Amino acid sequence: MDKKTTINDCRIIDLRKISDVRGNLTPVEASDDIPFGIKRVYYLYDVPGGESRGGHAHKALFQLIIAVGGSFAVTLYDGTNKKSFVLNRPYQGLLVVPGIWRELDDFSSGSVCLVLASEKYNAEDYIRDYDEFLKMKKANDTSFS
Ligand code: TYD
């Protein structure tokens, strides 16, 4: 894997939307619709107005972040460049690769953030210290797998 990840490695993935008179359905199949296998799913909900989530990077984890309800903003930072996305469509996901700092905020009332993750929860995979993150990026990402 390229060890020097940038925000250009992160992108919106258009998922399938199967519409009929009964409503819409979006399937996500690991490896076909997204470039990783899914080992974990979690979701954020009942986020109070004005709160922010995230504030960390991962060493090896790939994630797809989906606004399955409502909307919120995701800001990505690779140590050099920053990019913000407003997620508000249940049939689109934001692919976030390892080695990217992320912040989630501007949650609309009742919004639900679904995250598909490539690995089970592992506290060791987190970089929660911003200065440590910057140091790792400047050291050419040798700490990221
Ligand atoms: P945290 O990482 O702070 O949430 P976020 O950064 O997405 O806003 O996680 C909050 C708590 O939940 C923390 O104690 C770790 C725990 N947690 C799990 O047990 N399993 C998981 O899959 C996740 C994402 C978090």
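Now for a quick tour of the structure. (Residues numbered from 1 in each chain as written. Predicted model: local features only at pLDDT ≥ 70, side-chain atom pairs only at ≥ 80, totals over all residues. Heavy atoms only, no water.)

Where nonpolar side chains cluster on the molecular surface, the patch consists of Ile 38, Val 41, Tyr 43 and Tyr 45 and spans about 410 Å² of accessible area. Within the secondary structure layout, Val 41 lies in strand 4 (residues 40-45). (Patch = residues over 30% accessible without salt bridge, like charges linked within 9 Å, V, L, I, M, F, W, Y side chains within 5 Å. Areas by Shrake-Rupley, 256 points an atom, 1.4 Å probe, with all protein chains shown as cover. Salt bridge = Lys/Arg side-chain N within 4 Å of Asp/Glu carboxyl O. Helix = DSSP H or I, 4+ residues; strand = E, 2+ residues; numbered from the N terminus.)

A word on the pattern of salt bridges. Throughout the structure, instances matching the rule amount to 4 salt bridges. Note that Arg 16 is salt-bridged to Asp 33, the shortest N-O span being 2.9 Å. You can see Arg 16 sitting in the loop between strand 1 (11-14) and strand 2 (18-20) and its partner Asp 33 sitting in the loop between strand 3 (23-25) and strand 4, a full 17 residues away along the chain. In this structure, Arg 22 engages Asp 20 in a salt bridge whose closest nitrogen and oxygen atoms are separated by 2.8 Å. With a relative accessible area of 74%, Arg 22 lands in the exposed category. Each of Arg 16, Glu 29 and Asp 33 takes part in salt bridges that share partners, so that together they form one network. (Buried < 20%, exposed > 50% of the residue type's maximum accessible area, 1.4 Å probe, protein only.)

Taken as a whole, helix 1 (residues 130-138) has its buried residues at Phe 133, Leu 134, Met 136 and Lys 137. Projected down its long axis, helix 1 carries its buried residues within an arc of 160°, all on one side. Opposite the buried face of helix 1, by more than 90 degrees, sit the exposed residues Asp 131, Lys 135 and Lys 138. Packing partners of the buried residues in helix 1 comprise strand 5 (53-58), strand 7 (72-77), strand 10 (101-105) and strand 12 (126-127). Of the residues flanking the start of helix 1, the one acting as N-cap is Asp 129, its side-chain oxygen 3.1 Å from the backbone nitrogen of Asp 131. (Arc of directions from axis to C-beta. Contact = heavy atoms within 4.5 Å. Polar contact = N/O pair within 3.5 Å; in protein donor to acceptor, adjacent residues only side chain to side chain.)

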